[in-house]
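Here are the chains, one letter per residue:
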Amino acid sequence: MAPDSLGFIFLNAFLINNFVLALFLGLCPFMGVSGKIKTAAPMGAAVTFVMLVASSCAFGINRLLVRFDIEYLRLIAYIAVIASAVQLVEMTIKKFSPTLFRMLGIFLPLITTNCAILGMALFQTFLEYSFIQSLVYSLGAGAGFSLALILMAGMREKLDLANVPDACMGTAAALMIAGLLSLAFMGFAGLGG
Amino acid sequence: MSTVKLHTSPHLHQPLTVEVIMRHVVYALLPVCAWSVYQFGLSALALLAVCTVVCVGTEHLCCKWMGQASTVNDWSAVITGLLLALVLPPGFPLWMAVVAAVFGIAVGKMFFGGLGANVMNPALVGRAFAQAAFTLPMTTWVPSMAPGRFTTFIPSTLTPPFLVPRSISGWLETVAPDGFTGATPLALMKYEQVSTDPTALMFGTVSGSAGETAGLLILLCGIYLAVRKIMDWRIPIGVLGSAFVLSGIFYWLDAERYPSPWFTLFAGGLMLGAVFMATDMVGSPETKRGTWIYAILIGVLTVVIRLFGGLNEGVMYAILLGNAAAPLISRLTQPRVYGTVKSARKKKVTA
C-alpha cells in the first residue's frame, strides 16, 4: 500500500504505530480506566471523539498560524482546542449519563492533558497530511486507543479473580499486561509495507 | 471381611485433573522433542534440557517467594519449558534461552498468580521477549541433519553468558560445504519467492525452529490429544482451516506471488502453534462459539502477518493476540441463560 493512501494511514495509526502500545502515548487513562470494560469502552469513544474534533480544528488552526507566521503558538493553540472539545464531551456525558460521569471521574477532564491527543495533532501537522488524511489518521488513532483499552480491560477483568501476589497487585499487574500486549503488537510491524 | 466405603455424592467423577492433563500433553510432546534431537542433535537436546530445568526451577522459586506450596508437580512448567525450546532456533545460545525461560515463567505466569491466571501462553511470552531482545540469534538458522550433530554442539549454543553469540560461519562451512543460505522455507518464500517441497515440510527435513519442522508428526500427536479429549479439537481445526482457506484464496488470486495453502499449513510454526499453543486452556475462551472465533482470529492473523507483514512468521504474534482477545471473546459469547427471553446484562460467571 502507498504510504499516503487513506487505508494505510488508518492501519498505521490503528495497529502498526498504535498510540498506546507502540508509541506509548496516553498511558495515564490507559492505566486509569482499563479496569472495567464498562468504563473502557466509553472512554475509548470519548477519546476518539475528542481526537476527531481536535484533528479537524488543528488542521484549520495550523493553516492560520502558518499564514500569519506565528507557528510558535502551535502548542498552546492545540491545547486550547483540545480542552474545549473535552468540555463538550464532559457536558454531554454529565447531562446524559451521570453514572458514567462518576465512573470515569478525574480521567474525563484529564483527556485534556492526554498526550495521545496532542501527539496526534502534532504528528498530523508534521506529516503534512491533508484535511481528509488528518481525519482518517485521528479516527485510526482513536480506534487504536479504544482497541488497546478494551483488550486491556478484558484481561484485567479476568485477573480480578486471580490470586495475584501482593507485590504485583493493581498497577504493577496492569503494567505487566500492557508490556505483554505491546510485545504482541510488535507482530504488526511492517504490515502493508 | 469386605469393607464398604461410604462417601457423599457425587459418586461418579471424572478423574481428569490438571496434573493428568498436563502429563498427557508432555507425553504428546515427547515424539516432537525426539524428532528435534534427531534432526538438530546435541544442541537441541541441551536447549530442551536447559529450558525445562529453568522453567521448573523458576516456578519453584516464585512459589517459595510468594509463600505458597510449590506447584511444579502439576507438570505445566515442564510443558512451558519444552514448548519454549521447541520454538527457539536450534543454535540459540543457552544463556539467552535461560533468560527467555525465566521471563516466560516469572512475568508470563507466576506474577499473575500462577497457572490459570496467566493472560498469555508463557512459552510464547518467553519467545516474544527473546525475539525483541535478541533479534539476531532468533533469526540465525542452522541446516537440518548436519553431519556430526550428535557429537559436537553448534558453536553458538555454548556462548558464555552476556556475550554475543559466536559466529557459526566456520562451522557451517564444515557441515554444509555446498552452501546453506541460512533461510527457513518461510523466509525463502517471502523474500525470494522460492517454494519448498511440501513433502520435505511434512516430514521435517528442513531448517527452522528446533521443533516446528515435522508437521505430520505434530499433527499425529495432536490427534492423540484430541482423541483423549485433553485438547479442544475446535481450536486446531479452526486455526488450520481458516489459515488454509484464506491463503487458498490468495493463492487462487495470484499463484506467482503467494504460497500455496499446503505450504502455509506445513511451513514454519503454524502446526506446532495450532496444536500445542493455541490450545492452551488458560489462554482460550470458554464458550464453544468463542472458541471458533478465537481459532479463526489466530488463523487469519497468521496469514495476514505472513503475507503482508514485515516478518515472515506470524504464528507467535497471532496466538499472543488471540490470547489477549480471549477474555473479551468469552465475555461477548456468553450463551443465553436457559429460560430467559433476551438476556439483559449478565454478570461474568467464569474466569
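Structure: see above.
Colleague: An account of the overall build of chain A is needed here, citing residue identities and associated values.
Modeller: Looking only at helices and strands, one finds 8 helices and 0 strands in chain A. In chain A, the succession of α and β elements from N to C terminus is α-α-α-α-α-α-α-α. Computed over C-alpha atoms, the radius of gyration of chain A comes to 17 Å, within 12% of the 16 Å expected from 2.2 N^0.38 for 193 residues, which places it in the range of a compact globule. By principal-axis analysis of the C-alpha atoms, chain A measures approximately 60 × 45 × 25 Å.

Colleague: Which residues make up the overall build of chain B, and what are the values?
Modeller: Looking only at helices and strands, chain B features 15 helices and 0 strands. The globule rule puts the C-alpha radius of gyration for 351 residues at 20 Å, and the 21 Å found for chain B is close to it. C-alpha extents for chain B along the principal axes are approximately 70 × 55 × 45 Å. For chain B, buried positions account for 56% of its 351 residues. Within chain B, residue pairs in contact and separated by at least 24 positions form 75% of the contacts whose partners lie at least 6 positions apart. Within chain B, one finds 22 positive and 14 negative side-chain charges whose respective centroids are separated by 18 Å.

Colleague: Tell me about the state of the cysteines, and name the residues and values.
Modeller: Applying the stated rule across the entire model yields 0 disulfides over all chains. With no disulfide of its own, Cys 28 of chain A lies 8.4 Å from the sulfur of Cys 115 of chain A, the closest cysteine sulfur. Classification of Cys 28 of chain A by relative accessible area gives partly exposed; the value is 45%. You can see Cys 62 of chain B has no disulfide; the closest cysteine sulfur is in Cys 63 of chain B, sitting 7.1 Å from it.

Colleague: A description of helix H11 (residues 234–253) of chain B should follow, citing residues and the corresponding values.
Modeller: Side chains three or four residues apart in an α-helix point the same way, a direct result of the helix having 3.6 residues per turn. Helix length check: H11 of chain B (20 residues) gives 28 Å between terminal C-alpha atoms against 28 Å at 1.5 Å per residue, within 8%. Taken together, the buried positions of H11 of chain B are Arg 234, Ile 235, Pro 236, Gly 238, Val 239, Leu 240, Ser 242, Ala 243, Leu 246, Ser 247, Gly 248 and Phe 250 of chain B.

Colleague: Hey, could you go over empty space enclosed by the protein for me, with residue numbers and the actual values?
Modeller: Residue and element names in this part refer to chain B. Counted under the stated rule, the structure contains 2 cavities of 30 Å³ or more. Each pocket or cavity is described by its volume, and for the second largest cavity that value is around 30 Å³. Along the walls of the second largest cavity sit Gln 39, Phe 40, Val 142, Pro 143, Ala 146, Arg 149, Ile 154 and Trp 171, which together make up its complete lining. Looking at the lining of the second largest cavity residue by residue, the classes come out as 6 nonpolar, 1 polar and 1 charged.

Colleague: Explain the nonpolar core to me, and be specific about the residues and the numbers.
Modeller: Phe 30, Ile 111 and Leu 180 of chain A together with Phe 92, Phe 112, Met 120 and Phe 276 of chain B are the most contacted members of the largest nonpolar core, which totals 162 residues. In terms of residue count, the dominant contributor to this core is helix H15 (residues 315–332) of chain B (12 residues). Once you skip the residues sitting within four places of it in the chain, Met 120 of chain B turns out to touch Met 155, Leu 180 and Leu 181 of chain A together with Gly 108, Val 125, Leu 320, Asn 323 and Ala 324 of chain B. In this structure, Ala 146, Trp 171, Leu 172 and Ala 176 of chain B belong to the second largest nonpolar core, which totals 10 residues.

Colleague: Please set out the interface of chain A and chain B residue by residue, giving values where relevant.
Modeller: Contacts between chain A and chain B engage 32 residues on the former and 38 residues on the latter. For the pairing of chain A and chain B, the buried interface totals around 2700 Å² over both sides, and the portion due to carbon and sulfur atoms is 77%. Inspection of the chain A/chain B interface yields 1 salt bridge. One salt bridge connects Arg 331 of chain B with Glu 157 of chain A, and the closest N-O pair in it is separated by 2.9 Å. The interface formed by chain A and chain B holds 5 residue pairs in polar contact (both at pLDDT 80 or more) in total. Those elements giving two or more residues to the side of chain A that touches chain B turn out to be helix H3 (37–67), helix H7 (131–159) and helix H8 (171–185) of chain A.

Colleague: For the packing of aromatic side chains, give the residues involved together with the corresponding values.
Modeller: In total, this model carries 18 aromatic pairs over all chains according to the counting rule given. Taking 5.3 Å as the distance between ring centres and 70 degrees as the angle between the ring planes, the aromatic pair formed by Phe 185 of chain A and Phe 188 of chain A counts as edge-to-face. For Phe 188 of chain A, a relative accessible area of 5% gives the class buried. Considering the side-chain rings of Phe 250 of chain B and Tyr 258 of chain B, the 5.3 Å spacing of their centres and the 50 degrees angle between planes classify their relative orientation as tilted. Note on accessibility: Phe 250 of chain B and Tyr 258 of chain B belong to one class, buried. By the ring-pair criterion, three or more aromatic residues cluster together here, those being Phe 19, Phe 123, Tyr 129 and Tyr 137 of chain A. Stacked on the ring of Phe 68 of chain A, the Lys or Arg Arg 67 of chain A has its end atom at 5.6 Å from the ring centre. In this structure, Arg 149 of chain B packs its charged tip against the face of Tyr 38 of chain B, placed 5.2 Å from the ring centre.

Colleague: Describe the environment of Gly 222 of chain B, listing the residues and the values that go with them.
Modeller: Residue and element names in this part refer to chain B. Relative to the assigned elements, Gly 222 resides in helix H10 (residues 215–227). Taking the C-alpha atoms as reference points, Gly 222 and Val 54, separated by 168 residues in sequence, lie 26 Å from one another. Setting aside residues up to four positions removed in sequence, Gly 222 forms contacts with Met 231 and Val 275.

Colleague: Describe the packing of helix H1 (residues 18–40) of chain B against helix H2 (residues 42–65) of chain B, and please don't skip the residues or the numbers.
Modeller: The description of two helices packed together rests on the angle between their axes and the distance between the axes. Residues and elements named next belong to chain B. Here H1 crosses H2 at 140 degrees, and the two axes come no closer than 6 Å. It follows that H1 is oblique to H2 by the angle criterion. Between H1 and H2, the residues in contact are Cys 33, Ser 36, Val 37 and Phe 40 and Leu 42, Ser 43, Ala 44, Leu 45 and Leu 48, respectively. In terms of residue class, the contact of H1 with H2 is built from 7 nonpolar, 2 polar and no charged.

Colleague: If you had to explain the pattern of salt bridges to someone new, which residues and values would you point to?
Modeller: All names here are of chain B. Applying the stated criterion across every chain, the model contains 6 salt bridges over all chains. Here Lys 109 ties to Glu 59 by a salt bridge, and the two come within 2.8 Å at their closest N and O atoms. Of this pair, Lys 109 sits in the loop between helix H4 (94–106) and helix H5 (122–133) while Glu 59 sits in helix H2, and the two are 50 residues apart along the sequence. Each member of the pair Lys 109 and Glu 59 is classed as buried.

The rules behind these values
- Residues numbered from 1 in each chain as written.
- Chains lettered and ligands numbered in written order.
- Predicted model: local features only at pLDDT ≥ 70, side-chain atom pairs only at ≥ 80, totals over all residues.
- Heavy atoms only, no water.
- Helix = DSSP H or I, 4+ residues; strand = E, 2+ residues; numbered from the N terminus.
- Rg over C-alpha atoms; globule rule 2.2 N^0.38 Å.
- Buried < 20%, exposed > 50% of the residue type's maximum accessible area, 1.4 Å probe, protein only.
- Contact = heavy atoms within 4.5 Å.
- Lys, Arg positive; Asp, Glu negative; His and termini not counted.
- Charge placed at Lys NZ, Arg CZ, Asp CG, Glu CD.
- Disulfide = S-S within 2.5 Å.
- Expected span 1.5 Å × (residues − 1).
- 1 Å grid on protein atoms, 1.4 Å probe; cavity = no way out; pocket = protein on both sides within 12 Å on 5 of 7 lines; lining within 4 Å.
- Points joined across faces, edges and corners; volume = space filled by probe spheres on them.
- Nonpolar A, V, L, I, M, F, W, Y, C, P; charged D, E, K, R; others polar.
- Core = buried A, V, L, I, M, F, W, Y, C linked by side-chain atoms within 4.5 Å.
- Buried area = accessible area lost by both parts, 1.4 Å probe.
- Salt bridge = Lys/Arg side-chain N within 4 Å of Asp/Glu carboxyl O.
- Polar contact = N/O pair within 3.5 Å; in protein donor to acceptor, adjacent residues only side chain to side chain.
- Phe/Tyr/Trp six-rings, centres within 6.5 Å; stacked < 30°, edge-to-face > 60°.
- Lys NZ or Arg CZ within 6 Å of the ring centre and 35° of its normal.
- Axes fitted to C-alpha atoms, helices over the stretch in contact; angles between N-to-C directions.
- Parallel < 35°, antiparallel > 145°, perpendicular 65-115°, else oblique.

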